[in-house]
Amino acid sequence: SLELFWLCTPFSAFLHKHCPVVSERFSPTPWCWGGRLQTLVCAVLKSRPPVTYRNELISTVDGGQISLDWMDNKDSATYPESSTRPTVLILPGLTGNSRQSYVLHALNQATRRGYRCVVFNNRGLGGEELLTPVTYCAANTSDLEHVVHHIKGLYPSAPVLGAGVSLGGMLLLNYLARKRTESGMVAGFTISVPWNALKSAATMEEPLNWLLFNRYLTAGLCNAVTRHRKVLEKVVDINFVLKAQTIREFDERFTSLMFGYKSCSDYYFDASPDNKLHNTAVPILCLNAADDPFSPQHAFPLTTIQSLPNVALLSTAHGGHIAFLQGLFPRGESYMECLFGQFVQAAFEHPQDIRKACGIKDEQRS
């Protein structure tokens, strides 16, 4: 049920020591085994812990704005001093924002351990106005770089850990690969990341996956375009975009044009983190399920990961996409939240040990 794709590395030993859930067998909800069912049930059943955010709008160099949702955790007993309180930066999925249940549960895990959280809402998805005809994509890391720089400017003495979910995980890994030792992060964590965008697009276009997931996500993407129609119609044919029936068609008609790619295939190559992972320079733990309908198992970059001392992939046989439901009534925290909480704590509380385990010298520190 559980496979750790690494050799017997010091990083795996560190994880077994500090993240007990890594050593446990993941047993999915008995009546909810398949990846599609896990994914659907999670969307319907998962609880939504109450959260009150402090919103901040920051300006970008091109005249746009980014919406950040903060959970400052001012009552933290572990880190009463704001300037040194560790910060978890959360990157939601394709059409997600700070209101997704997986974000709320991740916040719960981090804040009860005394950490501060900030959710990076992709442009146009955080309830803010789109000021320029620019949105977001998995390959363009400039907004994320701007956000990290902003956070480090506010709290230069506080370590930052990046946590990306699905498309947010692609963005995070691409950023960590691009910035290498200059990422401003002490570690990275991803859930259900699509490793290869072309292979994910193909899987998502299988009839049942299209019916259950692809058309729903495509409609979400089109709704976001409709909401910001006035500013976006300056650069794309909105009516043509809104006729898209799949994520790939949307990316062909909108995303790849918006970011200057000659073709959607070129964009998908650039967006895929599997071919850049070797450039990363911080400890990274990735959680994927073999039955994820969005991220096919045959695309997991196992050979690459086994050659990297700083990257670990934890693969479960079951779990679906951002689900990993356990127990008879899977409304509360699940396997992925427990793993997230334990890894975040391990990275923040044992910084020298995790760097040593990953073969990272102190002068490489982010």
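Conventions and cut-offs
- Starting afresh in each chain, residues are numbered from 1 along the sequence in its written order.
- Local features in this predicted model are restricted to residues whose pLDDT is 70 or higher, and side-chain atom pairs enter the listing and the counts only when it is 80 or higher, whereas totals over whole chains, interfaces and linings include all residues.
- As a convention, hydrogens and water are excluded, and side-chain values are obtained from all of the structure's heavy atoms.
- The helix and strand labels rest on DSSP assignments: H or I over at least four residues marks a helix, E over at least two residues marks a strand, and numbering proceeds from the N terminus.
- C-alpha atoms define the radius of gyration, and 2.2 Å times the number of residues to the power 0.38 defines the globule rule.
- Only protein chains enter the calculation, and the probe is 1.4 Å; a residue is then buried if its accessible area is under 20% of its type maximum, exposed if over 50%, and partly exposed in between.
- The contact rule is simple, with two residues in contact once any of their heavy atoms fall within 4.5 Å.
- Each accessible area is a Shrake-Rupley estimate made with a 1.4 Å probe; only the visible protein chains count as cover when residues are assessed.
- When charges are tallied, Lys and Arg are placed among the positive residues and Asp and Glu among the negative ones, while His and the ends of the chain are skipped.
- Every charge is mapped to an atom, namely NZ of Lys, CZ of Arg, CG of Asp or CD of Glu.
- UniProt positions are given in the numbering used here, feature names are shortened, and annotations may be inferred rather than shown by experiment.
- Surface patches are drawn from residues lacking salt bridges whose relative accessible area is over 30%; two like charges belong together within 9 Å, two nonpolar side chains (Val, Leu, Ile, Met, Phe, Trp, Tyr) within 5 Å.
- Salt bridges are defined as contacts in which a side-chain nitrogen from Lys or Arg sits within 4 Å of a carboxyl oxygen from Asp or Glu.
- Two rings from Phe, Tyr or Trp (for Trp, the six-membered ring) form a pair when their centres sit within 6.5 Å of each other. Planes less than 30 degrees apart are called stacked, planes more than 60 degrees apart edge-to-face, and all others tilted.
- Remark: a charge is flagged as sitting over a ring if the NZ atom of Lys or the CZ atom of Arg is within 6 Å of the ring centre and within 35 degrees of the ring normal.
- Here, strands pair whenever DSSP counts at least two bridges between them.
- Look down the strands so they point away from you; if the path from the first strand over the helix to the second goes clockwise, the crossover is right-handed.
- Under this definition, polar contacts are N or O atom pairs within 3.5 Å; protein pairs additionally need one hydrogen-donor-capable and one acceptor-capable atom, and for neighbouring residues in sequence, both atoms have to be side-chain atoms.

Observations regarding the overall build of the protein
Then step 1. Of regular secondary structure, the protein possesses 14 helices and 9 strands.
Then step 2. Taken over the C-alpha trace, the protein has a radius of gyration of 19 Å; the compact-globule value for 366 residues is 21 Å, and the two agree within 12%.
Then step 3. Along the three orthogonal principal directions, the C-alpha set of the protein runs to about 55 × 45 × 40 Å.
Then step 4. By residue count, 60% of the 366 residues in the protein fall in the buried class.
Then step 5. Taking the contacts inside the protein whose residues are at least 6 apart along the sequence as the reference set, 77% of them involve residues at least 24 apart.
Then step 6. For the protein, the accessible area works out to roughly 15,000 Å², and carbon and sulfur atoms hold 54% of it.
Then step 7. Of the charged side chains in the protein, 33 are positive and 31 negative, and the gap between their average positions amounts to 2 Å.

Some thoughts on the UniProt feature "domain: Ig-like" (unreviewed entry) in the protein
Then step 1. Under the UniProt annotation, "domain: Ig-like" (unreviewed entry) lies at residues 20-135.
Then step 2. Here residues 20-135 runs as 19% helix and 21% strand, with 39 Å between its end C-alpha atoms.

Examining a nonpolar patch on the surface
Then step 1. A grouping of Trp31, Leu328 and Phe329 is seen on the molecular surface, where their side chains present a nonpolar patch of about 410 Å² in accessible area.
Then step 2. By secondary structure assignment, the location of Phe329 is in the loop between strand S9 (311-316) and helix H13 (335-349).
Then step 3. With relative accessibility at 75%, the residue Phe329 sits in the exposed group.

What about the packing of aromatic side chains?
Then step 1. Throughout the structure, instances matching the rule amount to 11 aromatic pairs.
Then step 2. An aromatic cluster of at least three residues, connected via ring pairs, comprises Phe26, Phe324 and Tyr335.
Then step 3. Between Arg215 and the ring centre of Trp210, over which it is positioned, the NZ or CZ distance is 5.9 Å.
Then step 4. A cation over an aromatic ring shows up here: Arg253 above the ring of Phe240, its NZ or CZ 4.0 Å from the ring centre.

Quick word on the pairing of strand S6 (residues 160-165)
Then step 1. For S6, the buried fraction is high: 6 of the 6 residues fall into the buried class.
Then step 2. Residues Val160, Gly162 and Gly164 point to one face of S6 and Leu161, Ala163 and Val165 to the other, with burial holding for every one of them.
Then step 3. Sheet topology places strand S4 (residues 87-91) next to S6; 5 bridges connect them, and they run parallel. Across the sheet, Ile90 pairs through a bridge with Ala163, a residue of S6.
Then step 4. Pairing between S6 and strand S7 (residues 187-191): 5 bridges, direction parallel. Among the inter-strand pairings, Val165 is bridged to a residue of S7, identified as Ile191.
Then step 5. Considered for its hand, the β-α-β crossover made up of S6, helix H5 (residues 167-179) and S7 is right-handed.

As for the UniProt feature "active site" (unreviewed entry) in the protein
Then step 1. The feature "active site" (unreviewed entry), as given by UniProt, occupies Ser166, Asp292 and His321 in the numbering adopted here. Annotated residues spanning 156 residues; largest pairwise C-alpha distance 10.8 Å, indicating a single compact cluster.
Then step 2. On the secondary structure map, Asp292 appears in the loop between strand S8 (284-289) and helix H12 (302-306).
Then step 3. The contacts of Asp292, once residues within four sequence positions are left out, are Ser192, Gly320 and His321.
Then step 4. You can see His321 is positioned in the loop between S9 and H13.
Then step 5. Here His321 is in contact with Gly35, Thr39, Ser166, Ser192, Asp292, Pro293 and Phe294, once residues within four sequence places are set aside.
Then step 6. Of the polar contacts made by the side chain of His321, one reaches the side chain of Asp292; its length is 2.9 Å.

Points about the pattern of salt bridges
It is possible for side chains bearing opposite charge to pair when their charged atoms get close.
Then step 1. In this structure the tally under the stated criterion is 9 salt bridges.
Then step 2. Notably, a salt bridge pairs Glu145 with Lys179, separated by 2.9 Å at the nearest N-O pair. With Glu145 in helix H4 (residues 142-154) and Lys179 in helix H5, this residue pair connects regions lying 34 residues apart in the sequence.
Then step 3. Judged by relative accessible area, which is 34%, Glu145 ranks as partly exposed.
Then step 4. Judged by its relative accessible area of 22%, Lys179 is partly exposed.

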